[in-house]
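Here are the chains, one letter per residue:
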Amino acid sequence: MLSDTEKTAIRQSWRLVVPIADTAADLFYRRLFELRPDYRELFGIDMASQKRKLLHMLAFTVKSVDFKDSDWRDDVSPDQDLMLVILALGRRHSELYRIPNESYAVVAEALLWTLKFGLGDAFTPEVEAAWTKIYTLLSRTMQMASATVNREAPMPTVAETQAVGENALRQQKEAMGVDEESLMPQEHLS
Amino acid sequence: MKVGVMQGSLKEFDLAEVLQVVGIGRQYTGIELRLSNGVVGTIFVKSGQVVSATANDTAGPNAFFNLFQAADGRFFVFRTETPPDLPEPLGPLHRMLMEVPPPGPRKSEPVQPAVAPLYAYEERELPTQAGVVSPPPNASPSMHSIGASALKAQPASVRQPPVVAAPPHGPDTRIIGIVSPKGGSGKSTISLNLSLSMARRGHSVVLIDTDVNGDILSAINARSRANIGSLDIVYNDAPLDQALLDTVMPKFKILPAVGSKLPDPELMATEQKDRWRKLLHDVSKRADIVLVDTPAGMFGHTRTVCQGCTHVLGVLQAEVIAARSFARFAEALQLLRDNERPKVLGVVLNMLQTRHHASLSVFQEAMQDLPQEWLFDTTIPRHPAFLDSTHQGLPLRHLDDDVPPPVAFLFDNLAAEVAQRLSLQIPALRARPFLL
Ligand code: HEM
Ligand SMILES: Nc1ncnc2c1ncn2[C@@H]1O[C@H](COP(=O)(O)OP(=O)(O)OP(=O)(O)O)[C@@H](O)[C@H]1O
Ligand SMILES: [Mg+2]
């Protein structure tokens, strides 16, 4: 659903996020709880694993939207299909984590803020517009799931999608020659 | 074999939204539609390409566009095996969506009666949805109210409030949104104390609270007094006249955020821009100046409210993180349409700590970076009196009627600046000799 220019903007800006991914995840949650301290209690105690999961999901999303238009005939398996993965994610958010619908706007703000903060000048209006669009698509899909999804249909599980996401992030890091040790120190951005 | 993925009413999610969601998938996916105008059709999508479309007995691009002609109906999304010989697609979905003609009666279509009944649409089950099972009507009791209401809500039960026309504001209308990108920066505190000082100057003031969370009535410990709030008026069409609460100041009234219970969360997720604007407009007819306390952040709900304001007043907390995010203030306003962008009345610095370098540097940077005319001369220091004020549920001025804390007077200064910037008529002063 993204145009080629939007795909390029997402891909290129994500390349800049990957090396600082962990710091970005820290910033994101710090910003989120600063905006809404009361959301802290929606999350469990283990924020480290939560941060990892969010990164995996973003990595997976970036990978999923990044295919050539000419490859549209190729099939992907259900656990790699962005629509099904996000519908299932949306259902978990409303049924298990019980997040209110209006929190999507707050998370949008925290995410865009994080990208802007992390990317600096590279966060051009085009990049901002592309991320806004992809976030809007994801959150709309998640919200639609909570309202209308077929609860009996087979949907990807958390483990399946997290494994796919982990893979996506690893591949992206490898492709860029980023190893865990060379990650930027946290102080750099704080 | 068809595997149902989701279904619903087009009233709740319109066709473009459904297609955008389907468009992020890579599998061969069908959307079956039964429209209220009798048209039945199917659109197949794969990897963001529209593979085919049929509507009654037409097929191709025209069929695709015809399926957008009715706003009501039901959709059913299913997956099925990819056919072995996929045809050339009709085109990329994002491009075809851009070409959809705007809604409205078309020549070939019977024109809708002038007053179409709002909820005349009747539920019809789709006969083909073998795989789809509706959620149990009384989903498990442990389920959180919001998740549960979202699940059990049959689409037609999400009753949108009546549509209203958004009136243009007149030149003398003054509706000021109090906003900040960061939460807890003092919006509610400043709204309340500034309103009071404006009223003391002789202007009639209504303070509208639009934030369900950090709400003003809780701050003044009067939550139980609210019967009807701004959200009830916008989402449930409640009457405005019974909603305004009187205060000890004859010229100062408060419109709380919500009454005794929250409106339907599903409904609150809808934008209702025009209804917000109409409410602000109606209130502005009853006062010289309207102040609007908003939720933290510049998007979502706050953005909608800002679009109905004539001015915004930014609150900048003198603290590093707040300062970093303050750029959003100008950016978010820039993203509004020209005719919906409020003017910047000014920016007030709050919680300044002159003994702390970091706090001062925010002040200095604001002087340097913000457009010159934005920053008010009055800045509000960080002061323990604010804590007492929240604790006792009173505006600063009323903490002690005889000796109000000195910081209370700062709001009189701020009010004077606001009045000047708004060119509010101040009751004329007669020239008087000094010596009696
Ligand atoms: C596009 C938007 C979002 C994405 C991609 C996303 C992603 C994720 C992921 C990958 C998980 C891990 C668990 C799982 O896979 O089920 C998760 C959990 C969670 N998310 Fe989100 N999320 C989004 C929006 C939100 C919003 C708006 C909130 C509201 C505050 C939220 C709150 C939570 C909570 C409370 C958990 C569970 C934490 C726990 O298990 O303790 N998420 N999210
Ligand atoms: N100048 C100040 N000095 C000390 N405390 C202050 C000052 N201004 C506000 N506060 C306190 O900070 C807290 C947050 O203020 P307030 O609720 O007004 O912020 P807000 O921007 O409306 O928050 P929210 O984003 O949650 O709506 C309150 O406890 C208030 O008493
Ligand atoms: Mg507040």
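Predicted model only: the values in this text are computed from it and were never measured. (Residues numbered from 1 in each chain as written. Chains lettered and ligands numbered in written order. Predicted model: local features only at pLDDT ≥ 70, side-chain atom pairs only at ≥ 80, totals over all residues. Heavy atoms only, no water.)

Glancing now at the overall build of chain A. Broken down by element type, chain A carries seven helices and zero strands. Along chain A, from the amino end to the carboxyl end, the secondary structure elements read α-α-α-α-α-α-α. Burial status across chain A gives 53% buried among its 190 residues. The long-range fraction of contacts in chain A, counting pairs at least 24 apart against all pairs at least 6 apart in sequence, stands at 81%. (Helix = DSSP H or I, 4+ residues; strand = E, 2+ residues; numbered from the N terminus. Buried < 20%, exposed > 50% of the residue type's maximum accessible area, 1.4 Å probe, protein only. Contact = heavy atoms within 4.5 Å.)

Attention shifts here to the coordination of the iron atom of ligand 1. Only one protein atom coordinates the iron atom of ligand 1: A:His93 (NE2), located 2.0 Å from the metal. As for its placement among the helices and strands, A:His93 is situated in helix H4 (residues 82–95). (Donors = N, O, S within 2.8 Å, 3.2 Å for Na, K, Ca; no water.)

Let's shift gears to the site of ligand 2. All names here are of chain B. Around ligand 2, the surrounding shell holds 17 residues, and the nearest of these are Lys-187, Ser-188, Thr-189, Pro-381 and Thr-390. Between Ser-185 and ligand 2, the recorded distance is 3.1 Å, taken from a backbone N or O atom to an oxygen atom. Protein contacts shield 79% of the accessible area of ligand 2, which totals 630 Å² for the unbound molecule. Residue assignment for the shell around ligand 2 shows that the elements contributing at least two residues are helix H5 (187–200) and helix H14 (385–392). Partitioning the shell around ligand 2 into residue classes produces five nonpolar, nine polar and three charged. (Near = heavy atom within 4 Å. Polar contact = N/O pair within 3.5 Å; in protein donor to acceptor, adjacent residues only side chain to side chain. Areas by Shrake-Rupley, 256 points an atom, 1.4 Å probe, with all protein chains shown as cover. Nonpolar A, V, L, I, M, F, W, Y, C, P; charged D, E, K, R; others polar.)

Two modes of strand pairing occur in sheets, parallel and antiparallel, and in both the strands are linked by backbone hydrogen bonds. All names here are of chain B. With respect to topology, seven strands assemble into an open sheet ordered E10-E11-E9-E12-E8-E13-E14, the strand pairing being mixed. Here the strands that pair on one side only, and so sit at the sheet edges, are strand E10 (245–246) and strand E14 (343–350). Bridge count between strand E9 (residues 205–209) and strand E11 (residues 252–255): four bridges; the pairing is parallel. Residue pairing across strands places Val-205 opposite Phe-252, the latter belonging to E11. Relative to E14, helix H15 (residues 407–421) is tilted by about 165°, and along the sheet it contacts strand E8 (175–179), strand E12 (289–293), strand E13 (311–317) and E14. (Pairing = 2+ DSSP bridges. Axes fitted to C-alpha atoms, helices over the stretch in contact; angles between N-to-C directions.)

All right, on to the site of ligand 1 then. Residue and element names in this part refer to chain A. The environment of ligand 1 is made up of 21 residues, and the closest members are Gly-44, Gln-50, Arg-92, His-93 and Tyr-97. Contacts to ligand 1 include Tyr-97, whose side-chain N or O atom sits 2.3 Å from an oxygen atom. Among the elements of the structure, helix H3 (47–65), H4, helix H5 (103–119), helix H6 (125–148) and helix H7 (158–175) are those that each provide at least two residues to the shell around ligand 1. It is H3 that contributes the most residues to the shell around ligand 1, four residues altogether. Considered class by class, the residues forming the shell around ligand 1 number 14 nonpolar, five polar and two charged.

Residue and element names in this part refer to chain B. This model, assessed by the stated rule, comprises zero disulfides over all chains. Unpaired in this structure, Cys-309 has its nearest cysteine sulfur neighbour in Cys-306, at a distance of 5.5 Å. On the basis of relative accessible area, Cys-309 is assigned to the buried category, the value being 6%. (Disulfide = S-S within 2.5 Å.)

Here we take up the interface of chain B and chain A. Residue-level contacts link 61 residues of chain B with 52 residues of chain A. Together, the buried faces of chain B and chain A total about 5,100 Å²; carbon and sulfur atoms form 60% of this surface. Considering only the side of chain B, the residues that lose the most area to chain A are B:Ile24, B:Arg26 and B:Arg328, jointly responsible for 15% of the buried surface there. There are five salt bridges connecting chain B and chain A. With its nearest N and O atoms 2.9 Å apart, the salt bridge here joins B:Glu331 to A:Lys116. Across the contact surface, chain B and chain A share 15 residue pairs in polar contact (both at pLDDT 80 or more). For the side of chain B that touches chain A, the residue count by class is 29 nonpolar, 21 polar and eleven charged. (Buried area = accessible area lost by both parts, 1.4 Å probe. Salt bridge = Lys/Arg side-chain N within 4 Å of Asp/Glu carboxyl O.)

Looking now at the confidence of the model for chain B. All names here are of chain B. Averaged over all residues, the pLDDT of chain B equals 81, while 84% of them reach at least 70. Here residues 104–157 is a poorly scored stretch, pLDDT under 50, and it has 65 contacts once near neighbours within four places are set aside; other chains count. In the predicted assembly, ipTM is 0.86 and pTM is 0.51. (pLDDT = per-residue confidence, 0-100.)

Before going further, it helps to spend a moment on the side chain of A:Arg36. Assignment of secondary structure puts A:Arg36 in the loop between helix H2 (21–35) and H3. A polar contact of 2.7 Å, which involves the side chain of A:Arg36, links it to the side chain of A:Asp38. Within polar-contact distance, the side chain of A:Arg36 engages the side chain of B:Asn213 at 3.4 Å. Ignoring sequence-local partners within four residues, the contact set of A:Arg36 consists of A:Val106 and B:Asn213.

Residues and elements named next belong to chain A. Where H5 contacts H6, the axes come no closer than 11 Å and their chain directions differ by 150°. As the angle between them shows, H5 and H6 are arranged roughly antiparallel. As for the relative orientation of H5 and H6, their crossing is right-handed in sense. Along its contact with H5, which presents Tyr-104, Val-107, Ala-108, Leu-111, Leu-112, Leu-115 and Leu-119, the element H6 presents Val-127, Glu-128, Trp-131, Thr-132, Tyr-135, Ser-139, Met-142 and Gln-143. A per-class count over the contact of H5 with H6 returns eleven nonpolar, three polar and one charged. (Parallel < 35°, antiparallel > 145°, perpendicular 65-115°, else oblique. Left-handed = near helix turned anticlockwise from the far one by under 90°.)

This part takes up H4(A). In this model H4(A) runs 20 Å from its N-terminal to its C-terminal C-alpha over 14 residues, within 8% of the 20 Å that 1.5 Å per residue would give. Counting buried positions over the 14 residues of H4(A) gives 14, a clear majority of the element. (Expected span 1.5 Å × (residues − 1).)

By the burial criterion, the buried members of helix H12 (residues 327–334) of chain B are B:Arg328, B:Phe329, B:Ala332 and B:Leu333. Around the axis of H12(B), the buried residues are gathered within 130° of arc, so they sit on the same side. Contacts made by the buried residues of H12(B) are with H5 and H6 of chain A together with E8, E13, helix H11 (320–325) and E14 of chain B. (Arc of directions from axis to C-beta.)

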